[in-house]
Amino acid sequence: MIVDGKQTRPIWLDADQKTVKVIDQRQLPHRFVVADLTSVDAVIHAIREMFVRGAPLIGVTGAYGVMIAAMKGDAAGDGPAFIRQECLRLKAARPTAVNLAWGVDRVLEKVMAAGTAADRIDVARNEAAAIAEEEAENCRRLGVHGADLITSVSREKNGATVNILTHCNAGWLACIEYGTATAPIYEAFNRGVDLHVWVDETRPLNQGARLTAWELGKHGVPHTVITDNAGGHLMQHGRVDMVIVGTDRSTHTGDVANKIGTYLKALAARDNGIPFYVALPSSTFDWTMTDGVKEIPIEERNPDEVRYIQGLADGRITRVLVPPESSPAADFAFDVTPARLVTGFVTERGVCGASEAEIHGLFPEF
Ligand SMILES: CSC[C@@H](O)[C@@H](O)C(=O)COP(=O)(O)O
């Protein structure tokens, strides 16, 4: 996307074709800092500590991690075994988003079929780049399908403002381009649809307030940051026309894991008769799991993320303690919204209902 006149992605390869560059998203919106990743440890650290985050982006970062593993392993002379071992470590960096394991395994498979050490590195680099381009294109396509949904709501409202609620950051920062939940929003906005986005702040790390608000502001999209608990109230008063969220892993039966709090939005949407859409590239479907609540691993993170809030004070990024020093806290990073609460999936191949039959109807090869 364009940031301050410059085409910008959250990840790219440096001119040396070895160094992986990423935006350090922990510092947005107050600082735009780029980090260099030159070791597998650095890649794992960047994923765990959330320099990079969002399902499609951690898939691409993991894919480039395999390229780095190939460079290191082949330098040490123990290529394939070393690369396999490093891939296990990469895949364990974060558990919920299925894209991480998907991206790592896709590159690993190609690497293992390559003949020489030099081939392994080239193949890994090319495959990681191919995944990045595919994810960008899939997000562009799903944006077109999702924008058609927004456009029809706009028509039903005779052109009055369409109010869309979103949770967390499922924007280009979480993907490569366009985003998942935001792709339909950007596309509809570019078509001239009058729209406004309610941005859940998304505690504890405030990806909505920090990242989605920043992205939408850079693109000129009207938006308002709200507390995570405001959505139900706004829905009761007719101030939300639709909800669009992303997902970190959706089962092929239609259950949706996404940032903690998504389930409560889906419940409130159902109670108020508001459509609840989930936007995703096909890389985010888990084709093996059938019961999301029971089977999807939910990441628990450092409770300090709940205890402290980060912001800008006197020009410096600062963290402040909120609860009593001695109070324990718990940090559940994701929840699962059952298929019965999902109106539809917006994918690169079109929109479908949240059922095994409809999902496999769009993706018969799985
Ligand atoms: C663009 S994909 C959607 C999800 O990855 C997004 O909604 C989300 O929950 C990200 O969580 P995060 O913990 O910031 O990686």
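By the naming in an unreviewed UniProt entry, the protein is Methylthioribose-1-phosphate isomerase, taken from Desulfosarcina alkanivorans. What UniProt states about the protein under its Catalytic activity (unreviewed entry) heading is, verbatim, "5-(methylsulfanyl)-alpha-D-ribose 1-phosphate = 5-(methylsulfanyl)-D-ribulose 1-phosphate". Under the Pathway (unreviewed entry) heading, UniProt states for the protein: "Amino-acid biosynthesis; L-methionine biosynthesis via salvage pathway; L-methionine from S-methyl-5-thio-alpha-D-ribose 1-phosphate: step 1/6."

Peer 1: Summarise unusual backbone geometry; cite the residues concerned and give the values.
Peer 2: Residues L28 and P29 are joined by a peptide bond in cis, for which omega reads 5 degrees. Tracing the backbone shows P29 in the loop between strand 4 (20–23) and strand 5 (34–37). In the segment running from R203 into P204, the intervening peptide bond is cis, with an omega of 10 degrees. By the element assignment, P204 lies in the loop between strand 7 (195–200) and helix 7 (207–219). A positive phi angle is found at D4, which is not glycine, with a value near 50 degrees. Looking at where D4 falls in the secondary structure, it is placed in the loop between strand 1 (2–3) and strand 2 (6–7). By C-beta crowding, D4 is classed as exposed, having 7 other C-beta atoms within 10 Å.

Peer 1: I'd like a description of the UniProt feature "active site" (unreviewed entry) in the protein, backed by residues and values.
Peer 2: Under the feature "active site" (unreviewed entry), the UniProt entry names D248. On the neighbour-count criterion, D248 (32 C-beta atoms within 10 Å) is buried. Contacts of D248, omitting those with residues within four sequence positions, involve A55, T96, A97, A257, N258, T284 and F334.

Peer 1: Hey, could you go over the pairing of strand 11 (residues 256–259) for me, with residue numbers and the actual values?
Peer 2: Across two bridges, the pairing between strand 10 (residues 249–251) and strand 11 is antiparallel. In the sheet register, S250 faces strand 11, and the bridge partner there is V256. Count of turn residues in the strand 10/strand 11 antiparallel hairpin: four residues, of which G254 carries a positive phi of about 105 degrees. One ladder, built from four bridges, connects strand 11 with strand 18 (residues 334–337); its direction is antiparallel. Paired with V256 across the strands is T337, a residue of strand 18.

Peer 1: Give me the lowdown on the UniProt feature "site: Transition state stabilizer" (unreviewed entry) in the protein, citing residues and values where you can.
Peer 2: The positions UniProt marks with the feature "site: Transition state stabilizer" (unreviewed entry) are C168. Beyond its immediate chain neighbours, meaning those up to four positions away, C168 contacts T202, Q207, G208, G246, N258 and K259.

Peer 1: Tell me about the packing of helix 1 (residues 40–48) against helix 3 (residues 79–91), residues and numbers included.
Peer 2: Packing of helix 1 against helix 3 leaves a shortest axis separation of 9 Å and a crossing angle of 15 degrees. Judged on the interaxial angle alone, helix 3 and helix 1 are roughly parallel. Two packed elements cross with a definite hand, and for helix 1 against helix 3 that hand is right-handed. Contact residues: V40, V43 and I44 in helix 1; E86, R89 and L90 in helix 3. For the contact of helix 1 with helix 3, a count of residues per class yields four nonpolar, no polar and two charged.

Peer 1: Which residues make up the sheet that holds strand 8 (residues 223–226), and what values go with them?
Peer 2: Within the open sheet, the seven strands sit side by side as 8-7-6-9-12-19-20. Their pairing is mixed. On the outer flanks of this sheet lie strand 8 and strand 20 (350–352), each paired with one strand and no other. Averaged over all pairs of adjacent strands, the angle between their axes in this sheet comes to 25 degrees, without regard to strand direction. Strand direction decides the pairing type here: strand 6 (residues 162–166) and strand 9 (residues 242–245), joined by two bridges, are parallel. By the bridge assignment for strand 9, I164 is matched with M242.

Calculation criteria
- Residues numbered from 1 in each chain as written.
- Predicted model: local features only at pLDDT ≥ 70, side-chain atom pairs only at ≥ 80, totals over all residues.
- UniProt positions renumbered as here; feature names shortened; annotations may be inferred.
- Helix = DSSP H or I, 4+ residues; strand = E, 2+ residues; numbered from the N terminus.
- Buried ≥ 20, exposed ≤ 12 C-beta atoms within 10 Å, placed from the backbone.
- Contact = placed C-beta atoms within 7 Å.
- Pairing = 2+ DSSP bridges.
- Axes fitted to C-alpha atoms, helices over the stretch in contact; angles between N-to-C directions.
- Parallel < 35°, antiparallel > 145°, perpendicular 65-115°, else oblique.
- Left-handed = near helix turned anticlockwise from the far one by under 90°.
- Nonpolar A, V, L, I, M, F, W, Y, C, P; charged D, E, K, R; others polar.

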